[in-house]
Amino acid sequence: MGFPVFKLQYMCKPSYFFSDAHLGVNPPGAIENREERLVAFLRDLKGNAEKIFFVGDLFEFWYEYRHYIARGHFPLYRALGDLVDAGTEVHYLMGNHDFALGDFFPKELGVQVHRFFVCKNIQGHHIYLMHGDGIPQKDWGYRAARKLIDAKWARFLFRKIHPDLGMDLALFVGRNSRRAGASRQIQIEEYLQAATLKMQENACDICVHGHHHIPGIWEVPAGKVVSTGQWLYSLHYAKLENGKIELVTLDR
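Residues numbered from 1 in each chain as written. Predicted model: local features only at pLDDT ≥ 70, side-chain atom pairs only at ≥ 80, totals over all residues. Heavy atoms only, no water.

**Section: the sheet that holds strand 8 (residues 216-220)**
The strand order 5-6-7-9-8 describes an open sheet built from 5 strands, whose pairing is mixed. Strand pairing shows two members of the sheet lacking a second neighbour, strand 5 (117-122) and strand 8, which therefore form its edges. The average angle at which neighbouring strand axes cross in this sheet is 20 degrees, direction not considered. With 3 bridges connecting them, strand 6 (residues 125-129) and strand 7 (residues 206-209) associate as parallel partners. Its bridge partner lying in strand 7, Leu-129 is registered against Val-208. (Pairing = 2+ DSSP bridges. Helix = DSSP H or I, 4+ residues; strand = E, 2+ residues; numbered from the N terminus. Axes fitted to C-alpha atoms, helices over the stretch in contact; angles between N-to-C directions.)

Given below as structure tokens:
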């Protein structure tokens, strides 16, 4: 008589992954009340989520001045702080629109900030998280510009601009960048290759990223690559529950 075989069950709370909400702008076709819906969604997760990951471009633009924080997002700040207080780990990865994160989120809200992040032993998986900007070979201009604007002297000079003027300037640049990239064709294979390399280097079996706004889950030799989609023209997120990761789309 053989021994019964028990399947390992992960009884912990689900974890959630969001990216590319670009809060702060409403381009044509965008879901106008998406920030309110995100705040309501997060409030419903209070006490019901193990970890929450924002995988870049949560805001259309983010820059921390010494005495200034964008006031229009305070309900979101409060929701994030409440989640942390309730015991949920909240992680925020820098994107190409919000790479200038400082210490506001970790110091005032308890939200952990990363450029990239390896989350180990979460429901039987090791997960590599990145935003995904700068991956395509044609993005050499962006990679050079990113190094320039991310330099200490560039940040110092930008900080001397009045916050209202700085925000207007950044939003102007963002609008033109979005128009210029509207016709750009996304080569998914480039992202899959980059994700596979990162998974192999970091002994991970899942890679979660955003940036190109196309939701999907792809099988690769190292495991699974997950693109969380966006929270801009549609409402997508990824959910890890009982060891299985899936994409969810909310109605507009």
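**Comments concerning the nonpolar core**
Membership of the largest hydrophobic core comes to 34 residues, with the highest contact counts inside it found for Phe-18, Leu-42 and Phe-105. Among the elements of the structure, strand 1 (15-18), helix 1 (34-44), strand 2 (51-54), helix 2 (74-85), strand 3 (89-93), helix 3 (104-109) and strand 10 (235-241) are those that each provide at least two residues to this core. Of all the elements, helix 2 adds the most residues to this core, at 5 residues. Counting residues in hydrophobic clusters, the runner-up holds 15 residues, among them Val-55, Leu-93, Ile-206 and Ala-238. (Core = buried A, V, L, I, M, F, W, Y, C linked by side-chain atoms within 4.5 Å. Buried < 20%, exposed > 50% of the residue type's maximum accessible area, 1.4 Å probe, protein only.)

**Focus: helix 2**
Each turn of an α-helix holds 3.6 residues, which means side chains three or four residues apart point in the same direction. Here helix 2 spans 16 Å end to end across 12 residues, near enough to the 16 Å set by a 1.5 Å rise per residue. Leu-76, Tyr-77, Ala-79, Leu-80, Gly-81 and Leu-83 are the residues of helix 2 that are buried. Of the surrounding secondary structure, the elements contacted by the buried residues of helix 2 are helix 1, strand 2, strand 3 and helix 3. Positive backbone phi, at 105 degrees, marks Gly-87, one or two positions downstream of helix 2. (Expected span 1.5 Å × (residues − 1). Contact = heavy atoms within 4.5 Å.)

**As for the packing of aromatic side chains**
Counted under the stated rule, the structure contains 24 aromatic pairs. Seen from their ring centres, Phe-59 and Tyr-92 are 6.5 Å apart, and the 45 degrees between their planes marks the pair as tilted. Of this pair, Phe-59 sits in the loop between strand 2 and helix 2 while Tyr-92 sits in strand 3, and the two are 33 residues apart along the sequence. For the pair Phe-59 and Tyr-92, a shared accessibility class is recorded, and that class is buried. Ring centres of Tyr-77 and Phe-104 lie 5.3 Å apart, and the angle between their planes is 70 degrees; on these two criteria the pair is classed as edge-to-face. Taken together, the positions of Tyr-77 in helix 2 and Phe-104 in helix 3 put the pair 27 residues apart, joining distant regions of the chain. For Phe-104, a relative accessible area of 13% gives the class buried. (Phe/Tyr/Trp six-rings, centres within 6.5 Å; stacked < 30°, edge-to-face > 60°.)

**Quick look at the pattern of salt bridges**
Applying the stated criterion to the full structure yields 3 salt bridges. Across the pair Glu-89 and Lys-51 runs a salt bridge whose closest N-O atoms are separated by 3.0 Å. With Glu-89 in strand 3 and Lys-51 in strand 2, the pair connects residues that are 38 residues apart, well separated along the chain. Here Glu-241 ties to Lys-239 by a salt bridge, and the two come within 3.2 Å at their closest N and O atoms. Judged by relative accessible area, Glu-241 falls into the partly exposed class, the value being 31%. (Salt bridge = Lys/Arg side-chain N within 4 Å of Asp/Glu carboxyl O.)

**Examining the environment of Glu-201**
Summarising the element assignment, Glu-201 is placed in helix 7 (residues 188-201). Look at Glu-201 and you get exposed, because its relative accessible area is 53%. Measuring from C-alpha to C-alpha, the distance between Glu-201 and Tyr-128 comes to 9.9 Å, with 73 residues separating the pair along the chain.

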